[in-house]
Amino acid sequence: MIRKARRETGTDRRLLLLVGLVVVLAAVAVAGAIAVILAESERPSFRTLAAATFLIGVGCVVVVRVRIRATTHGISWTEAAIVISLAVAPVPWVVVCTPIAVAVVRVIMRLSPLKAAFSIGKETLLAATAGAILYAFGSQSSVEQPLEVGPLAVAYLAAALLDDLLVIPVIALATRTSVLQRFRSNWDLRLAGIAVRFLVVISTLALLEFDNRLLLAMPPLILSAHLAYSTRIRSREERQAWQRLAKTTDALNDVNLDAVLSTAVTRAAELFSVDEVEIELHITPRLIRGNGDAITYDGPVADAPTMTGSVILTALEGHDGTADVGVLRLRFRGPVTLSEREQYTLRTFTSALCTAVRNASAYEELTRVAEEHAHAAAHDTLTGLANRRQLMDRGTELLGNRRVDGVTALLLIDLNHFKEVNDTLGHAAGDKVLIEVAERLRREARPDDLVARLGGDEFAVLITGLPAPAIAAHRAEGLLAALHVPLSVDGMRISVEASGGIAVAPGSGGMAELLRRADVAMYQAKRNGQKIATYARARDTADVGRLALGGDLPRALTQHEFTVNFQPIVDLGTGEVIAAEALARWRHPDRGNLDPLRFLETVERSGLLPAFADAVLDQSLVAAGTWRDAGFDLPVAVNVSPRSLLDARFPSAVVARLRAHDLPPDRLFLELTETLTISQLEVVDQVLSQLRDAGIKLALDDFGTGYSSLSVLSRIPVHELKIDRGFVTAMDTSAEAAAVIRSTVDLGRSLNLAVVAEGVESEPQRRALWELGCTAGQGHLFARPMPSARLLAALHRGSGGRPGTLAPALHDEGSVIRLSPNRRSGGRARTDRLPHLPA
């Protein structure tokens, strides 16, 4: 502000010096003219002098007015009147008559002293310059001997050029704008005006030469030319104003609030020709101020420096008068009244600015929430370390990038006897131990390494850039050594013991295989009583077993060893079963019941995935048909392998199975894994669209744990979101987890999507989810996965004498009214499902 005050002071000083110089030169010119008059004996008639003075005065009155900021400037016909006067009266007398005529007019018009002094001096200099040129051509003026056109034209052009050279710098200094910009502004109209006025001068002199009485015809001619010129200037100004308004509203279409505000300030300064623009926001208390060149203040309203001058204040609101988001202030150094066109432009501009601010604020809030969700999805809420999902994603990225320098390894760490800390000192003390362990690992790890907490007392460190595989064990020893120093918890010294397994990135299998190998090595260390063990393929019985499983697959499919269990999905409020999720199992004759984690990867690699998917889908649809025949019309949800989505024949195969079992398409939900679906998004778009067009419902599993949850929803036509069990488990102790659940429920409601919570293990979790707005869930609280017949028996048996329920209602019937537009009442014979589906 100090620099601004100094700049204004310097500008005012230069303006005064320029005006003073013009006045002094004019005084010298008048003094010289008086000296010449005293030396000459010939005197013009009083009528001639009076006519010349009157003509110059009229030229001062006929003005085209243009407002630049707080100052209104006029374009007059004075130089034309002066040149006509020089044609009919001696030069010295015209030089003396000019300041007299101009002074009288300026006094009548009540101009400020500075403007009046400049106007008198300027017009006097114009008369002196034009007269000097006529003297140079040796011309003497009188009515009887009119001047030749040539000298007169040169005198007029010199006067017009001098007029611009004197006026434009003064305007630029007064308005603090660029002199070059002022010269370029409307230069074509100025040239046209000069030409028109010169034609008027020539026409006037011709009339005077022919008959003095024809001079009476000049006022209408001059008035017509003046009106035409004024109309053209106004038309140009209005056209340029509308063009600037259109460009300004386009420039406001930005999702960055800072960019919107800075654009609005700088563009408004140009649009309304103001000295300063100020925007005060109400939605986020903030004030931003500036001019056409730069932003001069951006900060709290209370800290903003006070400003002087007249202010035009307008509320930032829409056309309907709603959504008042702030105030726009246009500041002028002096009093200003906006024209009708400017007032309409101001209303349009404020409406566009209001919309732009609201849109940018909404986008800013959405970005903030998305970033919070992304952070919560990628980090452990207790320690702040990366979680399993971020570890897997980061590892997959590294292993898939062939340009990564060095070797990548994974250290898996498990704290020994940690349960004793929880049982003896309590969970609060256990949390403190975990936080301290996380901090020590973070300090010991190198900047490029990724430290993660996988859950419970299990940690992992993704080590990158190793010069050789053998260095991995050395680095792992250093990390584990940092944990052996005793730590203090609630005044007690506790020694932390840990076992670690280290594995170097395999040539195939990706991050999942690397994690499995590190896990194998860690348990080898535990079994052998070692602090750390390195993965060795020879001791990995899992690899051998996996190969054996691959050989058993053809027999398992032909002998129907794959079975399906079902876990019910329950209305959290009423306890009513609303759907069931199908979970595949392998009843291996030698290895017992195997869950999908043990064999699914082998199935996907074997080429038998379509046959496996058909077997699981057939059993699921048979179960759904059996339940329907028994009076329980429950949708069934089946997990889909990402590889199935790469098969263009998959949608038609699913539809054929539905027809074969006489089930409507909306009784089947296909669950998609978020991260895996994203990786193949471009390829699977067509398959997913065909499934949805067929009427099959789609659910997005583990929602919120990926980096692009919001963008996925804009691409995948899902009907349901499933909240990852990790958020449900952590919601009792983590405000962030509860916030993720609440925002997911709100998002589902906004997009008309069902929301299901996974991993509901206790009544407090059920009630908390209900209070957060989640209406459906699944978990061991209601039932573990079970065969179809057992689930049907449980549905018949019900809870508390209510068939179709697995838990008592949270509230007595009629005590709570819940609005659920996606649900239909129907008792046992349900015809629809809450917008939820299993995960």
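Residues numbered from 1 in each chain as written. Predicted model: local features only at pLDDT ≥ 70, side-chain atom pairs only at ≥ 80, totals over all residues. Heavy atoms only, no water.

Draft legend 1. Focus on the pairing of strand β10 (residues 458-466). Along β10, 8 of the 9 residues are buried, which leaves the element largely enclosed by surrounding structure. Bridge count between strand β8 (residues 407-416) and β10: 7 bridges; the pairing is antiparallel. Counted as the bridge partner of Leu411 is Val461 from β10. Of the strand pairs in this sheet, strand β9 (residues 450-455) and β10 are connected by 5 bridges, and their pairing is antiparallel. Counted as the bridge partner of Val451 is Val461 from β10. Where β9 hands over to β10, the hairpin turn is made up of 2 residues, of which Gly456 adopts a positive phi near 60°. (Buried < 20%, exposed > 50% of the residue type's maximum accessible area, 1.4 Å probe, protein only. Helix = DSSP H or I, 4+ residues; strand = E, 2+ residues; numbered from the N terminus. Pairing = 2+ DSSP bridges.)

Draft legend 2. Broad picture of the nonpolar core. Grouped together as the largest cluster of nonpolar side chains are 78 residues, with contacts concentrated most on Phe566, Trp627, Leu668, Leu670, Leu691 and Leu769. Among the elements that make up this core, the one with the highest residue count is helix α19 (residues 609-629) (8 residues). Among residues more than four places away in sequence, those in contact with Leu668 are Leu617, Leu621, Val636, Val638, Val654, Leu658, Ile696 and Lys697. Counting residues in hydrophobic clusters, the runner-up holds 36 residues, among them Cys97, Ala101, Phe118 and Leu162. (Core = buried A, V, L, I, M, F, W, Y, C linked by side-chain atoms within 4.5 Å. Contact = heavy atoms within 4.5 Å.)

Draft legend 3. Main features of the packing of helix α2 (residues 46-61) against helix α3 (residues 78-88). Where α2 meets α3, the closest approach of the two axes is 7 Å, and the angle between their N-to-C directions is 165°. One way to sum up the angle between α2 and α3 is to call them roughly antiparallel. Between α2 and α3 lies a crossing of right-handed hand. Mapping the contact onto sequence places Thr48, Ala52, Leu55, Ile56, Gly59 and Cys60 in α2 and Thr78, Ala81, Ile82, Ile84, Ser85 and Val88 in α3. (Axes fitted to C-alpha atoms, helices over the stretch in contact; angles between N-to-C directions. Parallel < 35°, antiparallel > 145°, perpendicular 65-115°, else oblique. Left-handed = near helix turned anticlockwise from the far one by under 90°.)

Draft legend 4. Layout of the packing of aromatic side chains. Using the criterion set out here, one finds 6 aromatic pairs in the structure. Ring geometry for Phe566 and Trp627: centres 5.1 Å apart, planes at 80°, overall edge-to-face. Of this pair, Phe566 sits in strand β15 (residues 562-571) while Trp627 sits in helix α19; the two residues are 61 residues apart in sequence, bridging distant segments of the chain. When sorted by exposure, Phe566 lands in the same class as Trp627, which is buried. A ring pair is formed by Trp586 and Phe599, whose centres lie 5.7 Å apart and whose planes are at 90°; its orientation type is edge-to-face. Of this pair, Trp586 sits in strand β16 (residues 577-588) while Phe599 sits in helix α18 (residues 596-606), and the two are 13 residues apart along the sequence. The buried category is assigned to Trp586, whose relative accessible area is 0%. (Phe/Tyr/Trp six-rings, centres within 6.5 Å; stacked < 30°, edge-to-face > 60°.)

Draft legend 5. How the structure looks around helix α26 (residues 763-772). Along α26, the residues that are buried comprise Gln765, Arg766, Leu769, Trp770 and Leu772. End-on view of α26: buried residues confined to an arc of 160°, all on one side of the axis. More than 90 degrees from the buried face of α26, the exposed residues found are Pro764 and Glu771. Of the surrounding secondary structure, the elements contacted by the buried residues of α26 are β15, α24 (725-730), α25 (735-750) and β22 (754-757). Backbone geometry just after α26 places Gly773 at a positive phi near 105°. (Arc of directions from axis to C-beta.)

Draft legend 6. Examining the sheet that holds β8 more closely. The sheet built from 5 strands is open, its strands ordered β9-β10-β8-β13-β14 with mixed pairing. Edge positions in the sheet fall to β9 and β14 (532-534), since each of these pairs with one other strand and no more. For this sheet, the mean inter-axis angle between neighbouring strands, taken without regard to orientation, is 20°. Across the sheet, helix α14 (residues 427-444) lies against β8, β9 and β10, angled at about 5° from β10, the strand it touches most.

Draft legend 7. Inspection of the sheet that holds strand β7 (residues 326-332) at higher detail. Ordered in space as β5-β4-β3-β7-β6, the 5 strands form an open sheet in which the pairing is antiparallel. Pairing within the sheet leaves two strands with one partner each, and these edge strands are β5 (295-299) and β6 (310-316). This sheet shows a mean twist of 15° between the axes of neighbouring strands, independent of strand direction. Both strand β4 (residues 286-290) and β5 contribute to a ladder of 4 bridges, which runs antiparallel. For Arg289, the partnering residue across the bridge sits in β5 and is Tyr297.

Draft legend 8. The packing of α2 against helix α4 (residues 91-109), seen in detail. The geometry of α2 relative to α4 is characterised by a closest axis approach of 8 Å and an angle of 45° between their N-to-C directions. Viewed along their axes, α2 and α4 adopt a mutual orientation that is oblique. In this structure, α2 meets α4 at a crossing whose hand is right-handed. Together, Leu49, Thr53, Ile56, Gly57, Cys60 and Val61 of α2 and Trp93, Val94, Cys97, Thr98, Ala101, Val102, Val105 and Arg106 of α4 make up the contact between the two elements. Class assignment for the residues of the contact of α2 with α4 results in 10 nonpolar, 3 polar and 1 charged. (Nonpolar A, V, L, I, M, F, W, Y, C, P; charged D, E, K, R; others polar.)

Draft legend 9. Representation of the pattern of salt bridges. Per the stated rule, a full pass over the model turns up 31 salt bridges. The shortest N-O distance in the salt bridge between Glu123 and Lys122 comes to 2.7 Å. When its relative accessible area of 1% is taken as the criterion, Glu123 is described as buried. Residue Lys122 is classed as buried on the basis of its relative accessible area, which comes to 7%. With a closest N to O distance of 2.9 Å, Glu513 and Arg517 form a salt bridge. Here Arg517 and Glu513 lie together in helix α16 (residues 510-528), a separation of 4 residues that amounts to about one turn. Neither Glu513 nor Arg517 differs from the other in exposure class; each is buried. Connected via shared salt-bridge partners are Glu278, Glu280, Arg289, Arg329 and Arg331. (Salt bridge = Lys/Arg side-chain N within 4 Å of Asp/Glu carboxyl O.)

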